[in-house]
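Listed below are the residues making up each chain.
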Amino acid sequence: MSLKHLKLATWNMGGGILGESHQRNGIPSLDYYAAVLNEHLPDVVCLQEAHEYHGRREGQVKYLAGCLEYPHFASFPISESHLADNASLALGILSRFPIRDAVYQQFPNPRLETVSPHGESWKLHDKGYVVGSIDLGDRTLGLVNGHCFPLQYFGVSPTDPMFTPMRAMLTEDLLAIGGAGMAFAAIDANHGRIGELLAGALRPGSYLSAFEGTPTTPTGVQKDHILYGHAMRLLTTTVAATESDHFYCQVSVLADGLPSGPPQQTSQQSRAHPASAVPWTTTGTAR
């Protein structure tokens, strides 16, 4: 088995809209997102809150795949968008390698409702994760791309007992794909302490967290996480501030089957201190 150096990334792209979160019907700036991805050149990138338009126009995942010449991509619409009319929020994957057996798993939704600080009615939209694998040729990389509920807006916590099934199903799938130590999970957890949610997966011989305690939003809060399997060596991490409401997060790993240790180098750019039934799914090969 040959050594394989991989760059794996995650980014909540907020419908491609720059600036603060929860803007309504803003104009997407996909060329900006393409430029950031082109700067970092990830081999696999997981996207949360990409927009799909149900055939009315090209979806954002497919656009980025074509623009950046990713030969493989997948997009899983999971809920109506709170950011744009006539659009759905999707979990997306862009990959230099074939994507295998990717399926969407939806979290149980308690259908909470609240009123926003501006007097708008907010309801809890569906969230979940995609589980599948990446075919690296001589081995397989398990993959999870997830987006958890923004429960902080509804006065509850993902650690509350009512969300035990959510935590349990995600942990179960993480362990299922990560048994050989070759797995990668990109999760917008909407929660900073990932160990409180996935203690069963973050244990010796399973997964490690790449940049625990690092803010990934302009407000100085960590929401985004990358977990990697015990048979992958973490070389570097990048958490880069962007013009969107989430930072771009990336790890560089060596997939050699050896136990993981601390990173040899950490690169953190502009650290800020003060997302089952599927509506429809697209997968393809970019041309």
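Residues numbered from 1 in each chain as written. Predicted model: local features only at pLDDT ≥ 70, side-chain atom pairs only at ≥ 80, totals over all residues. Heavy atoms only, no water.

**Focus: the packing of aromatic side chains**
Short version of the rule: Ring pairs shown here join Phe, Tyr and Trp side chains whose ring centres sit within 6.5 Å, with only the six-membered ring taken for Trp; geometry is labelled stacked below 30 degrees between planes, edge-to-face above 60, and tilted in between. Under the scheme used here, helices are H or I runs from DSSP no shorter than 4 residues and strands are E runs no shorter than 2 residues, and both carry numbers assigned from the N terminus. Exposure is judged per residue with a 1.4 Å probe applied to protein chains only, and the accessible area is read against the type maximum: over 50% gives exposed, under 20% gives buried, and values in between give partly exposed.
Tallying each qualifying case throughout the model produces six aromatic pairs. Here Phe-107 and Phe-149 contribute two aromatic rings whose centre-to-centre distance is 6.0 Å and whose plane-to-plane angle is 50°, an arrangement assigned as tilted. Here Phe-149 lies in the loop between strand E9 (140-147) and helix H3 (164-177) and Phe-107 lies in the loop between strand E5 (99-106) and strand E6 (113-115), a separation of 42 residues in the sequence. As far as the burial class goes, Phe-107 and Phe-149 line up, both buried. Ring plane angle 80° and centroid distance 5.4 Å describe the contact between Trp-122 and Tyr-153, whose orientation is recorded as edge-to-face. Residue Trp-122 is located in strand E7 (residues 121-123), and its partner Tyr-153 is located in the loop between E9 and H3; the two are separated by 31 residues in the primary sequence. The class of Trp-122 is buried, set by a relative accessible area of 19%.

**Some words on the pairing of strand E8 (residues 128-135)**
Selection rule: Two strands qualify as a pair provided that DSSP identifies no fewer than 2 bridges between them.
With seven of its eight residues buried, E8 lies for the most part within the structure. When E8 meets E9, the two strands line up antiparallel, connected through eight bridges. Opposite Gly-128, over in E9, you have His-147 as the bridge partner. Where E8 folds back onto E9 in an antiparallel hairpin, the turn is made up of four residues, including Gly-137, whose phi is positive at roughly 100°.

**Quick word on the pattern of salt bridges**
As a reminder, the rule being used: Criterion for a salt bridge: a side-chain nitrogen of Lys or Arg within 4 Å of a carboxyl oxygen of Asp or Glu.
Considering all chains together, one arrives at five salt bridges under this definition. Salt-bridge contacts for Arg-193 lead to Glu-196; the nearest nitrogen and oxygen are separated by 2.7 Å. Since its relative accessible area comes to 51%, Arg-193 is described here as exposed.

**Describing empty space enclosed by the protein**
Quick note on the threshold: A 1.4 Å probe that fits but cannot get out identifies a cavity on a 1 Å grid over protein atoms alone, an open set with protein on both sides within 12 Å along at least five of seven lines counts as a pocket, and a residue lines either if it has an atom within 4 Å of a point. Grid points are joined across faces, edges and corners, and a volume is the space filled by probe spheres set on the points. Gly is placed with the polar residues, together with every amino acid not listed as nonpolar (Ala, Val, Leu, Ile, Met, Phe, Trp, Tyr, Cys and Pro) or charged (Asp, Glu, Lys and Arg).
If you add up the space inside the largest cavity, you get close to 50 Å³. Taken together, Phe-107, Cys-148, Met-166, Arg-167, Leu-170, Ile-187, Ala-189, Ile-194, Leu-197 and Leu-198 make up the lining of the largest cavity. Sorting the residues of the lining of the largest cavity by element identifies H3 and helix H4 (194-197) as the ones contributing at least two each. Tallying contributions element by element places H3 first for the lining of the largest cavity, with three residues. Counted by class, the lining of the largest cavity contains nine nonpolar, no polar and one charged residues.

**Observations regarding H3**
Put simply, the test is: To estimate how far a helix should extend, the number of its residues minus one is multiplied by 1.5 Å.
Look at H3: 20 Å from first C-alpha to last across 14 residues, which is about the 20 Å you get at 1.5 Å a residue. For H3, the set of buried residues is Met-166, Arg-167, Met-169, Leu-170, Thr-171, Asp-173 and Leu-174.

**Describing the nonpolar core**
Rules: As used here, the term nonpolar core means buried Ala, Val, Leu, Ile, Met, Phe, Trp, Tyr and Cys residues forming a set that is joined through side-chain atoms within 4.5 Å. Note on contacts: a residue pair qualifies if any of its non-hydrogen atoms lie within 4.5 Å across the two residues.
Of all hydrophobic cores here, the largest spans 31 residues; its most connected members are Leu-8, Leu-141, Phe-184 and Val-251. Ignoring anything within four residues of it in the chain, the contact list for Phe-184 reads Leu-8, Ala-9, Val-44, Cys-46, Leu-141, Gly-142, Leu-143, Val-144, Ile-226 and Leu-227. Counting residues in hydrophobic clusters, the runner-up holds 25 residues, among them Phe-107, Trp-122, Cys-148 and Ile-194.

**Some words on unusual backbone geometry**
Excluding glycine, residues mostly have negative phi values, and the peptide bonds linking residues are mostly trans. One non-glycine residue, Asp-101, lies in the positive phi region at around 55°. Take Asp-101: it is sitting in strand E5. Positive phi values are uncommon outside glycine, yet Arg-111 reaches one of about 60°. Positionally, Arg-111 belongs in the loop between E5 and E6.

**Re helix H2 (residues 60-68)**
Turn by turn, an α-helix covers 3.6 residues, leaving residues three or four places apart pointing in a common direction. Where we set the bar: This arc is taken over the directions from the axis of the helix to the C-beta atoms.
Buried within H2 are the following residues: Gln-60, Val-61, Leu-64, Ala-65 and Leu-68. An end-on view of H2 places all buried positions within 135° of arc, on one side of the element. Buried residues belonging to H2 abut helix H1 (30-40), strand E2 (44-52), strand E3 (72-80) and strand E4 (88-95). Glu-69 lies just past H2 and shows a positive phi near 60°.

**Concerning the environment of Glu-52**
With respect to the helices, strands and loops of the structure, Glu-52 is situated in strand E2. Since its relative accessible area comes to 4%, Glu-52 is described here as buried.

**Brief notes about the pairing of E4**
Summarising burial for E4: eight of the eight residues are buried, a large majority. Here E4 shows a buried face lined by Ser-88, Ala-90, Gly-92 and Leu-94 and a second buried face lined by Leu-89, Leu-91, Ile-93 and Ser-95. Note: E2 against E4, seven bridges, orientation antiparallel. Along E4, the bridge assignment pairs His-51 with Leu-89.

**Describing the confidence of the model for the protein**
As a reminder, the rule being used: Every residue gets a pLDDT, meaning the predictor's confidence in that residue, from 0 to 100.
Looking at the protein as a whole, the pLDDT averages 87, with 85% of positions reaching at least 70. Considering only residues more than four positions removed or in separate chains, one finds that residues 264-282, a stretch of pLDDT under 50, has 57 contacts.

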